[in-house]
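Each chain, letter by letter, is given below.
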Amino acid sequence: MSIPGVRPGEKPAPIFAASGLYVTADDALLLTSHNSVAGVAIAIGGRVLDPTGRPVPFSERHVPNTDRTAATSLIRLGDGWLQSVSVGVASGTPIFGQSYVRVDVVRGGGAGQTVLGTLLEGNVSATMRQAWPGSILHGPLERGGALRALTGTDPAANTEISETVPTGARWRLLSMRFALVTDANAANREVAITFDNGTTVYFEAASGANQAASLTRQYTAAVTNVRGAAATGTGILIPLPDLVLLAGHRIATVTTNRQAGDNYGAPLLLVEESLEG
Amino acid sequence: MARVRCNSCQGEYDDVSEDGVPYFHACPPVLRVRVTRDGQAQTVDLADVRPTDTVLVRRGDQELEVPAGELQRDDVRVGDVTRERADRRDENTARVGGDEELDRTTGRRRKLRARGRGVTEIADPRPRSGV
């Protein structure tokens, strides 16, 4: 094969033509993050080849919100060919599913801002970056979430357990464990677990076991098909379905025949938490 | 990380979970019991039920009105209802509206769904592991 302008047996001259995405001073990179962990900072960096062919690196630090709402930073690049962008965690130790980023090329600002293209989007963690070119675009809900074991509120006596899926999150409840201490009033209590959308219950699972006065019982609810109570121990197992709960939905106990001195302990939940993005 | 008590429902929790994720508390509803008191049907807080109030219970296959002081162990109280607290606190971020409050974990102001009666920092009664 012959190359135009190159004689046989002669090496071709190096090609210096710039590659990448041409941007102007009117364009910018918009970094958007969603994050659930305290103490995280995001680093974005890359390189632009300016019109004279000189590579110009850039880097910025971005502090995401910790309540899963969007935080944004605008990075001005000037004229040239954008050649690479990389986004990673600069400080903090989020695990997969706790920090999500997207980088768009935009023009203008405010309500008139136009997104010209999306370069990268996906999760970043203490060990995982997103890069352009290279990374595949992934929405925040595509690749599973963060596994979390969290302790909920320890309710006062005469109060049910109630945990709310946070704003900007989705939960798959994998298991839940809590204790109930009953007071001395003679009555058979039965514990059920309900899911609601903030107002209306759409799922309820009863324990199928009575708890009498002055007893402590440990309840475990898990994604399983069996229900049971220990013969001599204090454990009671409640089966749950494998459901995804949206933000604002609640996981709660409902206790038939609850008495004023009955007291739940703080629930320990194992959930897979995804960011809505 | 601090241990706090909700002044609305008296629930206790850590403002940041052990995995570093801020925890957003939301008060549970309150239970109201249907009673007949002085000939008047009404709902009262569970803690306010008097022995002389009559409550509707299921006893075997029957539903009966029974004085609260004479309930039997196998009676099932019927007609409990739950109500949201008037002073409910919900620390989740409000998409619209809400009450602004200084976020204890970030030092920034943030819109909560409902501030309720606020929180009080308390000593953590739980034993801490470590050397």
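Nothing here was measured: the structure is a model prediction, and the numbers come from that model.

Draft legend 1. A look at the sheet that holds strand 14 (residues 201-211) of chain A. All names here are of chain A. With antiparallel pairing, 4 strands are arranged side by side in an open sheet as 11-19-13-14. Strand pairing shows two members of the sheet lacking a second neighbour, strand 11 (162-164) and strand 14, which therefore form its edges. Taken over all neighbouring pairs, the strand axes of this sheet differ in orientation by 20° on average, direction set aside. Judged from the 7 bridges that link them, strand 13 (residues 189-196) and strand 19 (residues 250-256) form a sheet pairing that is antiparallel. When the bridges of strand 19 are listed, Thr 194 appears paired with Ala 252.

Draft legend 2. Broad picture of the interface of chain A and chain B. On the chain B side, the residues contacting the 40 residues of chain A number 37 residues. With both chains or domains summed, chain A and chain B bury close to 2,900 Å², and 45% of this area falls on carbon and sulfur atoms. Three residues, Thr153(A), Thr167(A) and Asn257(A), lead the burial of chain A against chain B; their summed loss comes to 17% of the area buried on that side. The interface formed by chain A and chain B includes 2 salt bridges. Close ionic contact of Arg148(A) with Asp19(B) constitutes a salt bridge, the shortest N to O distance being 2.7 Å.

Draft legend 3. Representation of the sheet that holds strand 12 (residues 119-122) of chain B. Residue and element names in this part refer to chain B. The antiparallel open sheet is built from 3 strands, whose spatial order is 2-1-12. Taken across any chain shown, the strands that pair with only one partner, and hence form the sheet edges, are strand 2 (12-14) and strand 12. Recorded for the sheet is a direction-independent mean angle of 35° between the axes of neighbouring strands. Where strand 1 (residues 3-6) lies against strand 12, 4 bridges are found, and the strand directions are antiparallel. When the sheet's bridge partners are listed, Arg 5 is paired in strand 12 with Thr 120.

How each quantity is defined
Position numbers for residues start from 1 in each chain and track the written sequence from start to end. Chains carry letters and ligands carry numbers; both start at the beginning, A for chains and 1 for ligands, and go up in the order they are written. In view of the model being predicted, local features appear only for residues whose pLDDT reaches at least 70, and side-chain atom pairs are presented and counted only at 80 or more, with totals across whole chains, interfaces and linings using the full set of residues. Just so you know, side-chain values use all the structure's heavy atoms and leave hydrogens and water out. Two strands pair if DSSP finds at least two bridges between them. Secondary structure elements are taken from DSSP: a helix is a run of H or I of four residues or more, a strand is a run of E of two residues or more, and numbering for both begins at the N terminus. Angles run from 0 to 180 degrees between N-to-C directions of axes, and those axes are lines fitted to C-alpha atoms, restricted for helices to the stretch in contact. Whether two residues are in contact is decided by their heavy atoms, any of which lying within 4.5 Å being enough. A quick way to say it: buried area is the sum, across both parts, of accessible area lost when two parts are put together, with a 1.4 Å probe. Salt bridges are identified by distance alone: a Lys or Arg side-chain nitrogen within 4 Å of an Asp or Glu carboxyl oxygen.

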